[in-house]
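Residues per chain are reported as follows:
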Amino acid sequence: MSRPLDLGSAGGFRRPRRLDVLIPTRNRPAELAVTLAGLAAQVEVPDFGVVVSDQSDHDPAYAHPAAATMVRALRHRGHPVLLTRRLPRRGLAEHRAYLLDRSVARYVLCLDDDVWLEPGTLDRLVTAIGELGCGFVGNAVHGLSYADDVRPETHRHYEEWAGPVVPELVRPDTPQWQRAAIHPAANLLHVQQKLGLPAGAWRAYKVSWIGGCVLYDRAALVDAGGFEFWRRVPANHQGEDVAAQLAVLARYGGAGVLPSGAYHLESPTTVTERDVEAWEVVAADSPQPA
């Protein structure tokens, strides 16, 4: 049997760093272990921390031996890790707001608990946001079970930024909203394969929103309201990541980054009550396109 796992302290963790990774989790010990394993392999970025906040129905996912080992591996490699529980559950947005408040890092990566990152992914994202100077960049996740399901009609929604990334007001009744069609299944992987980028090269492309792996300039996210809209939505919502990104897009702009090194584990969702789209509530109170 392994020894008890040190949870870390909030005060000790909340220190200025270049990057913190924020992971909300619930009832996913195996997936969390894979997600943490991907982070442990990100050797090009030496100074990131990790916060895991658990809302499992029983034992926290990080207590599973596989996940606990990856926590220890991260710490062994010099990465501070804070393990917390946030109960009772008040919805996805409140959980993300809680995680964001645990960090004072320059950049924060909102990473879902069912995403594996291939080596080099963090370095590419940090490089991209530094060069682009926008509010967020992200890697949309590949679903490899769809690798043979090519949908060329979605590829037309891929559009690279030809110049600086600029703010955009994106709403469902705008053409920009259709960009989201490039992200389901393995559509982005097929675009990525067609581009055939040389090693070390990357491209920034236009998005409406990105799910699963989004790196924010923390100051921009906070200035755009962060996830504080959780007080305006019922607990049984989804789309909290969309709401936050639309707000950041409108003020600071954002971009997807290819190649994407993020892979979806394709596990069943643990969010079964999805009666309200948080972005609809937030967008209704925000400026509309002219």
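As the structure is a prediction and not an experimental result, all values here were calculated from the model.

Participant: Can you walk me through the UniProt feature "domain: Glycosyltransferase 2-like" (unreviewed entry) in the protein chain in this structure?
Facilitator: Per the UniProt record, the feature "domain: Glycosyltransferase 2-like" (unreviewed entry) sits at residues 21-149. Across residues 21-149, helical content stands at 36% and strand content at 22%; the span's end C-alpha atoms are separated by 32 Å.

Participant: For this particular structure, what's the right way to read the packing of aromatic side chains?
Facilitator: Where two aromatic rings form a pair, the distance of their centres and the angle of their planes describe that pair. In this structure the tally under the stated criterion is 5 aromatic pairs. Arranged with centres 5.2 Å apart and planes meeting at 45°, the rings of Tyr158 and Tyr205 form a pair that is tilted. Taken together, the residues Tyr158 in the loop between β6 (136-138) and α6 (187-195) and Tyr205 in strand β7 (residues 203-205) connect sequence positions 47 residues apart. Look at Tyr158 and you get buried, because its relative accessible area is 14%. Given a relative accessible area of 0%, Tyr205 falls into the buried group. Between Phe227 and Phe229, the ring centres sit 6.2 Å apart and the planes meet at 50°, which makes this aromatic pair tilted. This pair shows no difference in class: Phe227 is buried, exactly as Phe229 is. A cation sits over an aromatic face here: Arg102 above Tyr98, 4.2 Å from the ring centre.

Participant: Explanation requested: the nonpolar core in the structure shown.
Facilitator: If you look at soluble globular proteins, the nonpolar side chains tend to sit buried side by side. Core analysis: the largest hydrophobic core is formed by 43 residues, its most contacted members being Leu39, Val50 and Leu109. Discounting chain neighbours no more than four positions away, the residues touching Val50 are Phe13, Val21, Ile23, Leu36, Leu39, Leu74, Pro80, Val81 and Leu82. Formed by 38 residues, the second largest nonpolar core is a distinct cluster that contains Ala93, Ile210, Ala244 and Leu246.

The rules we used
Residues numbered from 1 in each chain as written. Predicted model: local features only at pLDDT ≥ 70, side-chain atom pairs only at ≥ 80, totals over all residues. Heavy atoms only, no water. UniProt positions renumbered as here; feature names shortened; annotations may be inferred. Helix = DSSP H or I, 4+ residues; strand = E, 2+ residues; numbered from the N terminus. Phe/Tyr/Trp six-rings, centres within 6.5 Å; stacked < 30°, edge-to-face > 60°. Buried < 20%, exposed > 50% of the residue type's maximum accessible area, 1.4 Å probe, protein only. Lys NZ or Arg CZ within 6 Å of the ring centre and 35° of its normal. Core = buried A, V, L, I, M, F, W, Y, C linked by side-chain atoms within 4.5 Å. Contact = heavy atoms within 4.5 Å.

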